[in-house]
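Coordinate analysis (summary)
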Amino acid sequence: MAFPIGYLLDTLVFAGIFGILSLSLNIEFGHTGLPNFGKVAFFMIGAYTSALITLSGKPFIAGITGAMIVSGICGVLISLPAIRLREDYLAITTLAFGEILRLILKNEEWIAGGVLGLKGIPEALSLKGVQATLYGHVVVVYISLAIFFIFLRFLEKSPYGRLLKAIREDELAAQSFGKNTVFYKAQSFAIGSAVAGAAGSLYAQYLSYIGPDLFMPIVTFTVWAMLIIGGIGNYKGAILGSFIYIGFERGARIMKDYLHLPVDPNNLMFIIFGLLLIVVLLFRPEGVLKEEKVKLL
Amino acid sequence: MLKVVDLHKDFGGLKVLDGVDLEVERNQVVGLIGPNGSGKTTLFNVIAGVYKPTSGEVLLDGERVDGLKPDQLYRKGLVRTFQIPRPFRKLTVLDNLLLAGREQIGERFLNVFRLIKWKMQEKELLEKAEEIMDLLNLSHLSDEYAGNLSGGQLKLLELGRALMSDPKIMLLDEPAGGVNPTLAIRLFGKIRELAETRNLTFFIIEHRMETLMNYSDYMFVLYRGKIIVEGEPKKVMDDERVIEVYLGEL
Ligand SMILES: Nc1ncnc2c1ncn2[C@@H]1O[C@H](COP(=O)(O)OP(=O)(O)OP(=O)(O)O)[C@@H](O)[C@H]1O
Ligand SMILES: [Mg+2]
């Protein structure tokens, strides 16, 4: 039967895309200490930008590049007013921004189809056959994931990464040693947003359809849950968190087909996941893979 | 070198600095003493750009610097340490020191991938950091998270970071607080030596004036936001007002 392998590949693609999102939250929050509660906004900006670019006939590489640039710029513009203040201002600003942007896209049809969203978004790799296409998606997503992971680890293992971490640990002290912390925080936010934009681009080309209802605030909280479980401040943990989360979610869906439970397994998934989060926070508050000492390259 | 003119700082209605005037000469070790709550740390915070003064001027080499941010002052050669240490807890002791290094190539995003360039500089910084750890008896803790250090060790790390950053003038807020007395004496000796040989200027807050006496060229006494006495250490120590202020505290 072709179904299970298809399901597995689909799961892999989702875990990969959310893994990229989780990486992007890790540079902002895990690494620099900037709480972004509007992660979904930059995911959405990337998805829409890329969709609009590729729908106009440009290749995927133009789509994902455009997505990263636009999301990155939006990241700077949104964060700049709040980044000068305390972290909580940033949290509130980003949270509000995500919802406002989604509502605008939903209600302003001329931008990108309004409620109906965008259809027929071309794939990055167009291959013959459903199975081959699915494999193609896995390849594209995992190559991207690998590139971002290596890139971010490289940053982490450079004086640049050390500086971002110092800002997280004590911004005033970092300033006292000559670091223009606002500038670096904006950069970190721009990088995180650009990477989230890339994830959005991959998401759009995979689903071939996007609409505003795919970008509810729950997406942001999902990414946070992934990072918390995987290990805040650990890039490997960020990816692992995505695998654990998506694994649970898909596992619950399969259970629905094979088990007869008194509760709807979809709801059971949320219950189990809530428990998992609590267990992690109680017994491994630093996540499955905790932050490691970093040796520079 | 450093000049403060009629400096005021209020917090709400509280006048913490109430017209401070002082001047720190180049290549000297200058002490700032005064009882608890007299405004010493606040004065450092204003000079170092943490707070904006309510009024008054701060001049560094004749140039107005009040209102500048701490990172701008660092670039002008002024570095300070904190009375309550502010380490980067989840960086190692070594990385805490390296971070304080000046104009690091690898701290620019576009240079991150120019590995060879920044690694060369990193190596120089490493040598310097090792010297400093040696001086401060911190070598065995090089690879330890700064967050795991004891209070005294954190004080040493504060001083170490300041030394790493090649300043022209260092503001040290009770650098020897909690540090064992033998090491404290060695530190002050080293500070003296640096001032004489390395073209460095020190402005040091110290609670216990006896400690500072033997190592400073000049002293200011701050009391309730005002400089009440200044001069050579011997003269200051014998001043009636100073004795009164300190006795009054007890
Ligand atoms: N940010 C602030 N807001 C309000 N009051 C402050 C602030 N910072 C300092 N003060 C007050 O200013 C006064 C002087 O404090 P400061 O820390 O400068 O004293 P100090 O001379 O360094 O004392 P110590 O010897 O104990 O270190 C204190 O009464 C303190 O409560
Ligand atoms: Mg003080």
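Residues numbered from 1 in each chain as written. Chains lettered and ligands numbered in written order. Predicted model: local features only at pLDDT ≥ 70, side-chain atom pairs only at ≥ 80, totals over all residues. Heavy atoms only, no water.

1. Focus on the overall build of chain B
Counting its regular elements, chain B contains nine helices and 10 strands. Relative to the globule expectation of 18 Å for 250 residues, the C-alpha radius of gyration of chain B, 19 Å, shows essentially globular dimensions. Expressed along its principal axes, the backbone C-alpha trace of chain B runs to roughly 60 × 40 × 35 Å. Of all 250 residues assigned to chain B, the portion counted as buried reaches 54%. If you sum the accessible surface of chain B, you get close to 11400 Å²; carbon and sulfur atoms cover 50% of it. (Helix = DSSP H or I, 4+ residues; strand = E, 2+ residues; numbered from the N terminus. Rg over C-alpha atoms; globule rule 2.2 N^0.38 Å. Buried < 20%, exposed > 50% of the residue type's maximum accessible area, 1.4 Å probe, protein only. Areas by Shrake-Rupley, 256 points an atom, 1.4 Å probe, with all protein chains shown as cover.)

2. Some words on the coordination of the magnesium ion (ligand 2)
Octahedral six-donor coordination of a metal ideally yields angles of 90 or 180 degrees, compared with 109.5 degrees for tetrahedral four-donor coordination. Residue and element names in this part refer to chain B. Here the magnesium ion (ligand 2) is held by the protein donor atoms T41 (OG1) and Q83 (OE1), which lie 1.9 to 2.1 Å from it. Note that T41 is positioned in helix 1 (residues 40-47) and Q83 in the loop between strand 6 (78-80) and helix 3 (93-99), a separation of 42 residues in sequence. Its relative accessible area of 25% is what places T41 among the partly exposed residues. In this structure Q83 comes out as partly exposed when scored by relative accessible area, which is 32%. (Donors = N, O, S within 2.8 Å, 3.2 Å for Na, K, Ca; no water.)

3. Examining the domain arrangement of chain B
All names here are of chain B. The domain boundaries assigned to chain B delineate domain 1 (2-87 + 167-247) and domain 2 (91-148). The distance between the C-alpha centroids of domain 1 and domain 2 comes to 28 Å. With 10 residues of domain 1 at the interface, the matching set in domain 2 holds nine residues. Note on domain 1 versus domain 2: buried area summed over both sides is about 720 Å², and carbon and sulfur give 48% of it. Summed over the three residues of domain 1 that lose the most area to domain 2, namely Y74, P87 and R186, the buried surface amounts to 54% of that side. Taken together, domain 1 and domain 2 are joined by zero salt bridges. For the pair domain 1 and domain 2, the interface holds three residue pairs in polar contact (both at pLDDT 80 or more). Contributions of two or more residues to the side of domain 1 that touches domain 2 are made by helix 2 (70-75) and helix 6 (181-197). For the side of domain 1 that touches domain 2, the leading source of residues is helix 6, giving four residues. (Domains from an automatic or database assignment. Contact = heavy atoms within 4.5 Å. Buried area = accessible area lost by both parts, 1.4 Å probe. Salt bridge = Lys/Arg side-chain N within 4 Å of Asp/Glu carboxyl O. Polar contact = N/O pair within 3.5 Å; in protein donor to acceptor, adjacent residues only side chain to side chain.)

4. Comments concerning the interface of chain B and chain A
One frequently used descriptor of interface size is the decrease in accessible area upon assembly of the parts. Contact residues are listed per partner, giving 38 residues for chain B and 34 residues for chain A. Between chain B and chain A, the buried area comes to about 3100 Å², and carbon and sulfur atoms account for 64% of it. Per-residue buried area on chain B facing chain A is highest for B:K90, B:E107 and B:F109; these three make up 19% of the total on that side. With its nearest N and O atoms 2.8 Å apart, the salt bridge here joins B:R86 to A:D170. Summed over the shared surface of chain B and chain A, the number is 16 residue pairs in polar contact (both at pLDDT 80 or more). Listing elements by their share of the side of chain B that touches chain A, those giving two or more residues are helix 2, strand 6, helix 3, helix 4 (115-135) and helix 5 (151-164) of chain B. Classifying every residue of the side of chain B that touches chain A by side-chain character gives 18 nonpolar, five polar and 15 charged. (Nonpolar A, V, L, I, M, F, W, Y, C, P; charged D, E, K, R; others polar.)

5. Let's talk about the site of ligand 1
Residue and element names in this part refer to chain B. The environment of ligand 1 is made up of 14 residues, and the closest members are N36, K40, T41, T42 and Q83. Between an oxygen atom of ligand 1 and a side-chain N or O atom of N36, the distance comes to 2.8 Å. Here T42 contributes a side-chain N or O atom positioned 2.6 Å from an oxygen atom of ligand 1. Across the complex, the protein chains shield 63% of the 640 Å² of accessible surface that ligand 1 would expose by itself. Looking at the shell around ligand 1 element by element, the count peaks at three residues for helix 1. Residues of the shell around ligand 1, tallied by class, amount to four nonpolar, eight polar and two charged. (Near = heavy atom within 4 Å.)

6. Some words on the packing of helix 4 of chain B against helix 5 of chain B
Geometrically, a packed helix pair is captured by the angle between its two axes and the distance between the axes. Residue and element names in this part refer to chain B. At a closest axis distance of 10 Å, the pairing of helix 4 and helix 5 adopts a crossing angle of 145°. The element helix 4 and its partner helix 5 pack so that their crossing is right-handed. Packed against helix 4, whose contacting residues are L125, K128, A129, I132 and L135, the element helix 5 presents G160, L163 and M164 at the interface. For the contact of helix 4 with helix 5, the class distribution of residues is six nonpolar, one polar and one charged. (Axes fitted to C-alpha atoms, helices over the stretch in contact; angles between N-to-C directions. Left-handed = near helix turned anticlockwise from the far one by under 90°.)

7. Some thoughts on the nonpolar core
Formed by 87 residues in total, the largest nonpolar core has its most connected members in A:I210 and A:F215. With 13 residues, the top contributor of residues to this core is helix 9 (residues 181-207) of chain A. Excluding residues within four positions of it along the chain, A:I210 makes contact with A:A47, A:Y48, A:A51, A:L116, A:G117, A:L118, A:I121, A:A204 and A:F215. A:F177, B:M170, B:M209 and B:V221 belong to the second-largest nonpolar core, a separate cluster that totals 53 residues. (Core = buried A, V, L, I, M, F, W, Y, C linked by side-chain atoms within 4.5 Å.)

8. Quick notes on the sheet that holds strand 7 (residues 169-173) of chain B
Through backbone hydrogen bonds, the strands of a sheet pair up, either in parallel or in antiparallel fashion. Residues and elements named next belong to chain B. Reading across the sheet, the six strands line up as 6-7-8-3-9-10 and stay open at both edges, with mixed pairing between neighbours. Two strands in the sheet have a free side with no partner beyond their single neighbour: strand 6 and strand 10 (226-231). Averaged over all neighbouring strand pairs, the angle between strand axes comes to 15°, with direction disregarded. Sitting on the sheet, helix 1 touches strand 3 (29-33), strand 6, strand 7, strand 8 (201-205) and strand 9 (218-223), and the angle it makes with strand 8 is about 145°. (Pairing = 2+ DSSP bridges.)

9. Description of the packing of aromatic side chains
Aromatic ring pairs: the centre-centre distance and the angle between the two ring planes describe each pair. For the structure shown, the criterion picks out 25 aromatic pairs over all chains. Geometrically, the ring pair formed by A:Y160 and B:F109 is tilted, given 5.6 Å between the ring centres and 55° between the ring planes. Here the residue A:Y160 occupies a position in helix 7 (residues 159-169), and B:F109 occupies one in the loop between helix 3 and helix 4, the pair thus bridging two chains. Of the residues examined, B:F109 reaches a relative accessible area of 28% and is grouped as partly exposed. (Phe/Tyr/Trp six-rings, centres within 6.5 Å; stacked < 30°, edge-to-face > 60°.)

10. Focus: the sheet that holds strand 5 (residues 63-64) of chain B
Residues and elements named next belong to chain B. Spatially, the four strands line up as an open sheet ordered 2-1-4-5, and their pairing is antiparallel. The strands lining the two open edges of the sheet, one partner per strand, are strand 2 (14-24) and strand 5. Bridging between strand 1 (residues 2-11) and strand 4 (residues 55-60) involves five bridges; their strand directions are antiparallel. Bridge pairing in strand 4 links V4 to V58. Together, strand 1, strand 2 and strand 4 form the strand contacts of helix 1, whose direction differs from that of strand 1 by roughly 110°.

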